[in-house]
Amino acid sequence: MVEPEFWNREIETAPAEKIREVQLEGLRRTVAAALRTRFYHRRLKEIGFTSPEDIRSLDDLKRIPFTTKSDLREAYPDGLLAVERDDVVRLHTSSGTTGTPTVIYHTRSDLEHWTELTARCITATGAGRRDVFQNMMTYGLFTGGLGLHYGAELVGMLVIPVGGGNTRRQLKLMRDFRTTVVHATPSYMLHIYSRLEAENLTPQDLSLRKAFLGAEAYSESTRRKIEGLMGIDCYNSYGLSEMNGPGVAFECIFKDDMHVWEDAYIVEVIDPASGDLLGEDEEGELVMTTLQREATPLLRYRTGDLTRIRSGVCACGRSHRRIARIKGRSDDMLIINGVNVYPSQVESVLMRIPEVGTNYQIVVTKEGALDRLTVKTEIYSKMFTGDAAALEALRGRIRELLKAEILVGAVVELHEPGGLPVYEGKARRVFDERVGEQG
Ligand code: AMP
Ligand code: ZN
């Protein structure tokens, strides 16, 4: 059995009371910073908060209203800036689906805290200074690339900051420098696998041991599939630019859901419809509060991500609680002929079927009054033998397995490897063509 390793053992294993103490101090600091922003100054005044002393206990957080993505858009570009512009050293913006940007500013100290959190995450997976880390996430305004970069350097890994895309070059770098750890989206990792053959390679030609996979929702069966195909360990990595980026929550060597750094964030889970607070193990929308951030403090930010806070402790000894694998975003849910379907359910079924390849798409259209679900999936080339009956049987089997899981009949289309579009960053899987452009 591998022994858990720690970057900052003292805080990572601190008793719950100690973490709550740190949270209370952090919350007061965050409220103080928030009061310096135009946006929160007004909002907090409305509920009678004019000083950090108004936070007497962690329970007082519940009196503060939620912050939403549209609040962030409204406050663009500097309504949420809590420090002098000269003290800001970096910003990240995200454009989101509607194109209205949001911005998060960072001071020197914000970046140092963020780096420390990512160093903890990397160490929790057992990776360290002996590793060669190839960062396949896009560098730039998207936080995926720069996010883990500095933490990886801090723990002393050899970092290859290649960024996203150009699979051939990725594979060459992996071979030339004997990369042991990669950071990528799960969809890009599947794509890498699918390109090995064309480059006359097998996973055994690589030195890869681990992958940090995140930035998009994926199922446990996708993790297992990638682990099996590549012969590596995959760790789920959760982050969002509003909460810095990667480094928010990460799996440890036990791969049993993701520890959230509770000295840096307060996590809550709410019913997305009513806003009511839910208990541990109850699934709902994740709400997060920053505790360490100076430049852009955020109070009770509604992430839109569906998960639950795990009760119980992890075998690694970290006291910071875990959140379950993200099921998707609350706005990802498709209603197909009245039935609620999450894309992650479809993915989970597909990735359990051995003949199914590494790429898929979900398309919803209107056929008269009814919705029609089409699932397009690549299958391995060895299936295209000219045996039409075998293909038909496979299509039937996929349809049945899908129906058993999502209770909706689907049209299944089988595609050859490389037949569906590839995304270098976050994959686009769902095409809801019923009313204009959605999903
Ligand atoms: P961005 O702010 O562009 O980095 O996007 C953040 C969003 O990506 C999150 O709110 C999630 O919806 C999604 N995301 C990031 N990491 C994961 C993960 N490990 N599992 C599922 N969704 C994720
Ligand atoms: Zn653990």
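All figures in this text were calculated on a predicted structure; none of them were measured in a lab. (Residues numbered from 1 in each chain as written. Chains lettered and ligands numbered in written order. Predicted model: local features only at pLDDT ≥ 70, side-chain atom pairs only at ≥ 80, totals over all residues. Heavy atoms only, no water.)

1. Some points on the packing of aromatic side chains
Working step 1: With the rule as written, the count across this model stands at four aromatic pairs.
Working step 2: Centre to centre, the rings of Phe39 and Tyr40 are 4.9 Å apart; their planes meet at 75°, and the pair counts as edge-to-face. Comparing Phe39 with Tyr40, the two get one shared label, buried.
Working step 3: Note on Phe133 and Phe212: the rings are 6.0 Å apart at their centroids and 40° apart in plane angle, and the pair reads as tilted. One end of the pair, Phe133, is in strand β3 (residues 132-135); the other, Phe212, is in strand β6 (residues 210-214), with 79 residues separating them in the sequence.
Working step 4: Residue Phe212 is classed as buried on the basis of its relative accessible area of 0%.
Working step 5: These aromatic residues form a ring-pair network of at least three members: Phe133, Phe212, Tyr235 and Phe250.
Working step 6: Seen from the ring of Tyr235, Lys255 lies directly overhead, with NZ or CZ sitting 5.8 Å from the centre.
Working step 7: The ring of Tyr218 carries the charged tip of Arg325 above its face, separated from the ring centre by 4.6 Å. (Phe/Tyr/Trp six-rings, centres within 6.5 Å; stacked < 30°, edge-to-face > 60°. Buried < 20%, exposed > 50% of the residue type's maximum accessible area, 1.4 Å probe, protein only. Helix = DSSP H or I, 4+ residues; strand = E, 2+ residues; numbered from the N terminus. Lys NZ or Arg CZ within 6 Å of the ring centre and 35° of its normal.)

2. Regarding the coordination of the zinc ion (ligand 2)
Note on metal sites: the ideal angle is 109.5 degrees for four tetrahedral donors, and 90 or 180 degrees for six octahedral donors.
Working step 1: Donor atoms from the polypeptide that bind the zinc ion (ligand 2) are Cys252 (SG), His259 (NE2), Cys314 (SG) and Cys316 (SG), placed at 2.1 to 2.3 Å.
Working step 2: What the four donor atoms of the zinc ion (ligand 2) show is an angle range of 101 to 117° at the metal, which sorts the shape as tetrahedral.
Working step 3: Along the chain, the residues that donate to the zinc ion (ligand 2) are spaced as C-x6-H-x54-C-x1-C. Comparing Cys314 with Cys316, the two get one shared label, buried. (Donors = N, O, S within 2.8 Å, 3.2 Å for Na, K, Ca; no water. Tetrahedral: all angles 85-135°; square planar, octahedral: opposite > 155°, others 65-115°.)

3. Comments concerning the sheet that holds strand β19 (residues 410-415)
Working step 1: Strand order across the open sheet formed by four strands is β19-β18-β17-β20, with mixed pairing between neighbours. Two strands close off the open sheet at either side, each with one partner strand: β19 and β20 (430-432). For this sheet, the mean inter-axis angle between neighbouring strands, taken without regard to orientation, is 15°. (Pairing = 2+ DSSP bridges. Axes fitted to C-alpha atoms, helices over the stretch in contact; angles between N-to-C directions.)

4. Focus: the sheet that holds β6
Working step 1: Across the sheet, which stays open at both edges, the eight strands sit in the order β4-β3-β5-β6-β7-β8-β9-β13 with mixed pairing between neighbours. The open sheet has two free edges, formed respectively by β4 (158-160) and β13 (322-323), since each of these has just one partner strand.
Working step 2: Looking at chain direction, β6 and strand β7 (residues 233-238) are connected through five bridges and run parallel. Bridge pairing in β7 places Phe212 opposite Tyr235.

5. Here's the deal with empty space enclosed by the protein
Working step 1: Per the stated rule, a full pass over the model turns up one cavity of 30 Å³ or more.
Working step 2: The wall of the largest cavity is formed by Asp110, His113, Leu117, Asn244, Ala264, Tyr265, Thr290, Leu291, Gln292 and Arg293.
Working step 3: With three residues, helix α5 (residues 108-124) is the single largest residue contributor to the lining of the largest cavity.
Working step 4: Residue composition of the lining of the largest cavity, by class: four nonpolar, four polar and two charged. (1 Å grid on protein atoms, 1.4 Å probe; cavity = no way out; pocket = protein on both sides within 12 Å on 5 of 7 lines; lining within 4 Å. Points joined across faces, edges and corners; volume = space filled by probe spheres on them. Nonpolar A, V, L, I, M, F, W, Y, C, P; charged D, E, K, R; others polar.)

6. Considering the pairing of β19
Working step 1: Only one face of β19 is buried: it carries Ala410, Val412 and Leu414, and the other face, with Val411, Glu413 and His415, is open.
Working step 2: Note that strand β18 (residues 370-379) and β19 share six bridges and pair parallel. Considered in β19, the bridge of Glu378 is made with His415.
Working step 3: Between β18 and its parallel partner β19, the chain crosses via helix α11 (residues 388-406), and the hand of that crossover is right-handed. (Right-handed = clockwise from strand over helix to strand, strands pointing away.)

By themselves, these figures tell us nothing about what the structure is for.
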